[in-house]
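# Results of the structural survey
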Amino acid sequence: NGFGTPGLVTAIPGRESLPLFSFRGWQAGVNLSSTALEEDCETKSSVAPMIVQCESKVFDLSGARAGSIVQIYNGKLSALRIISSSDYAEFILDAFKVKYGKPCKSDIEVWQNGFGGKFDNPVFTWCFRTGNLIFSSIGRQKDNIEINYNDVNEPKVNSPTINF
């Protein structure tokens with residue numbers, strides 16, 4: 001059911017002194033309560049053994065409507081994806097800087113659309129003990145921002161099974 005082995009997730013080497021990531025009650029590196037999911041999840045599904053995925057109810061994120069998808073692996077936060085309107089990108093980015101401090105990395109990615117138009121996509125990364133939070137000013141759709149947290153606690157990818 002996605003909730004299993006107790007204990008902390010091992011820190012990324014060299015990051016032992018960094019804080020654990022947390023967002024709206026979701027905290028990396030520690031076991032999550034299955035009842036906590038019930039409060040925040042609009043839909044919850046088991047996508048594979050030991051993996052639970054939660055699609056959140058719409059929530060306020062620094063004045064913007066936002067939604068998230070949370071992945072739990074072996075009872076602990078594995079990944080988080082947040083999507084909101086790009087109209088609020090600066091407000092949300094400022095709030096993240098207040099909460100998490102200065103990003104450990106910032107970059108400009110140049111994106112090109114199918115018509116040859118180019119767009120600067122400012123990307124900010126915060127480093128945590130067991131993962132990274134990446135704020136992309138342009139998400140998969142140009143009118144959205146996308147914020148992704150990826151933790152070292154992730155499902156192991158096996159070689160594909162050829163059974164056909």
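From a predicted model like this one, the values you see are computed outputs, not experimental measurements.

Here we take up the environment of Gly 75. Following the sequence through the fold, Gly 75 ends up in the loop between strand 6 (64–73) and strand 7 (76–85). Accessibility expressed as a relative area gives 2% for Gly 75, which makes it buried. Gly 75 sits 36 residues away from Trp 111 along the chain, and the two C-alpha atoms are 36 Å apart.

Turning our eyes to something else, we now look at the packing of aromatic side chains. Taken as a whole and judged by the stated rule, the model has 13 aromatic pairs. A ring pair is formed by Phe 96 and Trp 126, whose centres lie 6.0 Å apart and whose planes are at 50 degrees; its orientation type is tilted. A residue pair is termed long-range when its members are at least 10 positions apart, and Phe 96 in helix 2 (residues 89–100) and Trp 126 in strand 9 (residues 118–128) qualify at 30 residues. Accessibility assignment for this pair places Phe 96 and Trp 126 in one class, buried. On the basis of an interplanar angle of 65 degrees and a centroid distance of 6.2 Å, the ring pair of Phe 96 and Phe 135 is categorised as edge-to-face.

Rules behind the numbers
Residues numbered from 1 in each chain as written. Predicted model: local features only at pLDDT ≥ 70, side-chain atom pairs only at ≥ 80, totals over all residues. Heavy atoms only, no water. Helix = DSSP H or I, 4+ residues; strand = E, 2+ residues; numbered from the N terminus. Buried < 20%, exposed > 50% of the residue type's maximum accessible area, 1.4 Å probe, protein only. Phe/Tyr/Trp six-rings, centres within 6.5 Å; stacked < 30°, edge-to-face > 60°.

In short, geometric facts, not functional conclusions.
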